[in-house]
Amino acid sequence: MNENVFSKADAIAKDESNTLRSYRNKFNYPTRNGKPVLYFSGNSLGLQPKGVNDALQEQAFIWAEKGADGYFSDWVDFHQRFLTYFEPIIGGQSHEFMLMNALTVNLHLLMVSFYQPTQERYKIIIEGGAFPSDQYAVQSQIAFHGLDSNEALVTLKPNTDEDCLNTSDIIESIESHGESIALILLGGVNYYTGQKYDMAAIAEHGRKVGAYVGFDLAHAAGNVKLRMHDWNVDFAAWCNYKYLNCGPGSPSGIFVHEKHHKWEGPRFTGWWSNRLDTRFQMNSKIDPIQNAAGWGISNSSIFSMAPMKNALQIYQNVGMDQFIDMSHMLTGYLASLINKELPQITIMTPDDSNQRGCQLSLVAPKGKVIWETLIEKHVVCDWREPSVFRIAPTPLYNTFTEIYELVQILKKILR
Ligand SMILES: *Cc1c(COP(=O)(O)O)cnc(C)c1O
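This write-up is about the structure you can find in this document. Once a new chain begins, its residue numbering starts again from 1 and follows that chain's sequence as written. Two thresholds apply to this predicted model, a pLDDT of at least 70 for residue-level local features and 80 or more for giving and counting side-chain atom pairs, whereas whole-chain, interface and lining totals are computed over all residues. Excluding hydrogens and water, the side-chain values take into account all heavy atoms of the structure.

### A closer look at the packing of helix α14 (residues 320-341) against helix α16 (residues 400-414)
Relative to each other, α14 and α16 sit at 20°, their axes nearing to 10 Å. As summarised for this structure, α14 and α16 are arranged roughly parallel, according to the angle between their axes. Here the hand of the crossing between α14 and α16 comes out right-handed. Residues M326, M329, L330, Y333, L334, L337 and E341 of α14 lie in contact with α16, whose contacting residues are F400, I403, Y404, L406, V407 and K411. Split by residue class, the contact of α14 with α16 holds eleven nonpolar, no polar and two charged. Every axis in this analysis is a line fitted to C-alpha atoms, fitted for helices over the stretch in contact. Angles between the N-to-C directions lie between 0 and 180 degrees. Helical segments are the DSSP runs of H or I of at least four residues, strand segments are the runs of E of at least two, and each set is numbered from the N terminus. In this scheme, roughly parallel covers angles under 35 degrees and roughly antiparallel covers those over 145, while 65 to 115 is roughly perpendicular and the rest are oblique. The sense of a crossing depends on the near helix, which, turned anticlockwise from the far helix by less than a right angle, makes the crossing left-handed and, turned clockwise, makes it right-handed. For this analysis, residues touch if any pair of their heavy atoms sits within 4.5 Å. For this scheme, ten residues count as nonpolar: Ala, Val, Leu, Ile, Met, Phe, Trp, Tyr, Cys and Pro. Four count as charged, namely Asp, Glu, Lys and Arg, and the remainder, Gly too, count as polar.

This is the structure:
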C-alpha cells in the first residue's frame with residue numbers, strides 16, 4: 001500500500017472531496033475547555049442540529065398565544081408531520097409508522113400484541129448480549145404471562161471464540177425451535193458488537209415457522225439501509241436520539257406492517273388510538289385507527305417532538321444511498337487505519353461492510369485504561385462492560401481528519 005495513504009494530507013484530501021462535508025455545519029459541535037472534542041458517540045446521543053431552539057420556541061409561542069386552541073391548530077396530529085421522513089430511513093409507508101413514548105415502553109406495547117403465548121407456541125428468541133433493557137422487557141413479558149424465562153426465552157449465542165452470530169446459525173435455531181416460537185425479537189444492529197443482522201433472512205425464516213418477527217432498530221435507524229415493509233417484518237421500534245439526532249428523550253418510533261392494520265388481537269389503547277374524526281365525540285366504545293397509529297395511546301409530547309423536523313430534514317436532504325456510501329467510506333477508513341497502525345487493537349465488529357453500520361467495537365488489553373485516556377484527550381466515545389470501547393464515525397458530522405487524529409492519539413496511548 002502507498003506510504004502516503006494514511007497521512008494527514010490524505011485525510012484532509014478525503015474531507016475536501018467528501019460530498020457531505022457541508023452538513024457538519026448544520027450541527028452544534030460540543031466543546032471541552034473551549035476546544036472542539038472528537039465526537040464519536042453518535043450511536044449514543046446524536047448531536048444537536050442548529051435551529052432546534054427556534055423549533056422549540058415556535059411551540060412555546062403557540063402555547064403562549066393560543067392556549068388550548070393550539071391543540072386544534074397544531075398539536076392534535078402533531079406527529080403526522082414527521083412520519084413521511086421515516087419512509088426511506090425505516091423502509092415502509094408513513095401509515096406504518098407512529099411516534100410515541102420511549103423505546104422500551106413501545107417494545108412492551110408491541111409485545112402485548114405480538115407476544116401471545118399458547119401451550120404449544122410460547123418462546124421468544126433474542127440475541128445473547130441483547131441490550132439490557134430489551135432483555136428485561138422480554139423477561140418481564142414472559143413472567144407477565146405466568147411463564148418461566150428458563151423455558152420460554154431462547155438466547156442466540158455466538159460460537160466459541162467468536163463474538164458475532166452467523167446467519168446460518170440463527171436460521172438453524174429458528175428451524176430447530178420451529179413452531180414453539182411465538183416471537184423473534186432481535187436488534188437490527190447489536191449495540192455491543194456493532195453486528196448488523198440479516199433481517200430479511202431472519203424475517204423470512206421466522207415467518208416460515210409461523211412466528212411473529214420484530215426488530216429493535218435502536219442502532220440501525222439512520223445507520224444502515226432498512227426495508228421493514230418489503231422484508232415483511234411484523235413490527236419494529238427504535239429511538240430517535242441516537243443516529244437520528246432528534247434529542248435526548250425524543251419520542252420513539254414504531255413500525256407495524258400494513259398487513260396488521262385491521263388488528264383485532266390484544267392491544268392496549270387510549271383516546272389517541274381512536275380515529276381523529278370521531279375522537280372528540282367522546283364515545284365509550286373505541287373507533288380504532290386502522291394503521292400503526294392505532295397503537296398510540298396518549299397525546300404527543302410536543303416539546304420532545306419539535307426538534308425532529310430539523311434532524312429528519314437533514315436525512316431527507318442527504319438521501320439514504322449517499323449517506324450509506326459515505327458511512328462505508330468513513331468506517332472502512334477507520335478499520336484500515338486500525339488494522340495497519342494499531343496491532344494491539346482487535347475489531348470485534350464484522351469486517352464486511354454489509355454486516356455492520358458505522359460503529360466499530362474495539363477490544364484491547366487494558367481497554368478500559370485506554371478508553372479513560374481517550375476521554376482525557378477530548379475524545380468522546382463510550383465504554384461498554386465487559387471489554388469494549390465503541391467508536392461510531394457518523395457521516396453527517398464526522399470527518400476523515402478526525403478519524404486520523406483519533407488513530408494518532410491511540411498510537412501515542414499504546415506506545
Ligand atoms: C438505546 C437503546 C434502548 C434505550 O431504551 P429507552 O427505552 O429509549 O431508554 C433500548 N434498547 C436498545 C437496543 C438500545 O440500543
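Continuing now.
### Some points on the site of the ligand
Taken together, L103, T104, F131, D134, D216, A218, H219, Y241 and K242 are the residues near the ligand. Separating an oxygen atom of the ligand from a side-chain N or O atom of T104 is a distance of 2.6 Å. Each polar contact in these results corresponds to two N or O atoms within 3.5 Å; when the atoms are within protein, one needs to be able to donate a hydrogen and the other to accept it, and residues that are neighboring in sequence are counted only if both atoms are side-chain atoms. Here an oxygen atom of the ligand sits 2.7 Å away from a polar atom, N or O, in the side chain of Y241. The method behind every accessible area is Shrake-Rupley, applied with a 1.4 Å probe, and residues are considered shielded solely by the protein chains displayed. When the free accessible area of the ligand is taken as 390 Å², the share hidden by the protein chains comes to 82%. The residue inventory of the shell around the ligand, partitioned by class, reads four nonpolar, two polar and three charged. Nearness is judged by heavy atoms alone; a residue qualifies as near a molecule or strand once a single heavy atom is within 4 Å of it.

### Describing the pairing of strand β9 (residues 181-187)
Across the seven residues that make up β9, a large majority, seven, are buried. Bridge count for strand β7 (residues 123-127) against β9 is three bridges, and the pairing is parallel. Bridging across to β9, I124 finds its partner in L183. When DSSP locates at least two bridges between a pair of strands, those strands are taken to pair. As defined by bridge partners, β9 adjoins strand β10 (residues 212-216) across five bridges and the pair is classed as parallel. Residue pairing across strands places I184 opposite V213, the latter belonging to β10. We call a crossover right-handed when, viewed with both strands directed away from the observer, the connection leading from the first strand over the helix to the second proceeds clockwise. In terms of handedness, the path from β9 via helix α10 (residues 199-208) over to β10 forms a crossover that is right-handed. With a 1.4 Å probe rolled over the protein chains alone, any residue whose accessible area is under 20% of its type maximum counts as buried; one over 50% counts as exposed, and the rest are partly exposed.

### Section: the sheet that holds strand β17 (residues 388-391)
The strand order β13-β14-β17-β16 describes an open sheet built from four strands, whose pairing is antiparallel. Looking at which strands have only one partner, the edges of the open sheet turn out to be β13 (346-347) and β16 (382-384). In this sheet, strand β14 (residues 360-363) lies alongside β13 in antiparallel orientation, the contact comprising two bridges. Paired with T346 across the bridge in β14 is V363.

### Some thoughts on the sheet that holds β7
An order of β6-β12-β11-β10-β9-β7-β8 is seen for the seven strands of this open sheet, with the pairing classed as mixed. Looking at strand neighbours, the two that pair on one side only are β6 (97-100) and β8 (153-156), the edges of this open sheet. The mean inter-strand angle of the sheet, taken between neighbouring strand axes irrespective of direction, is 20°.

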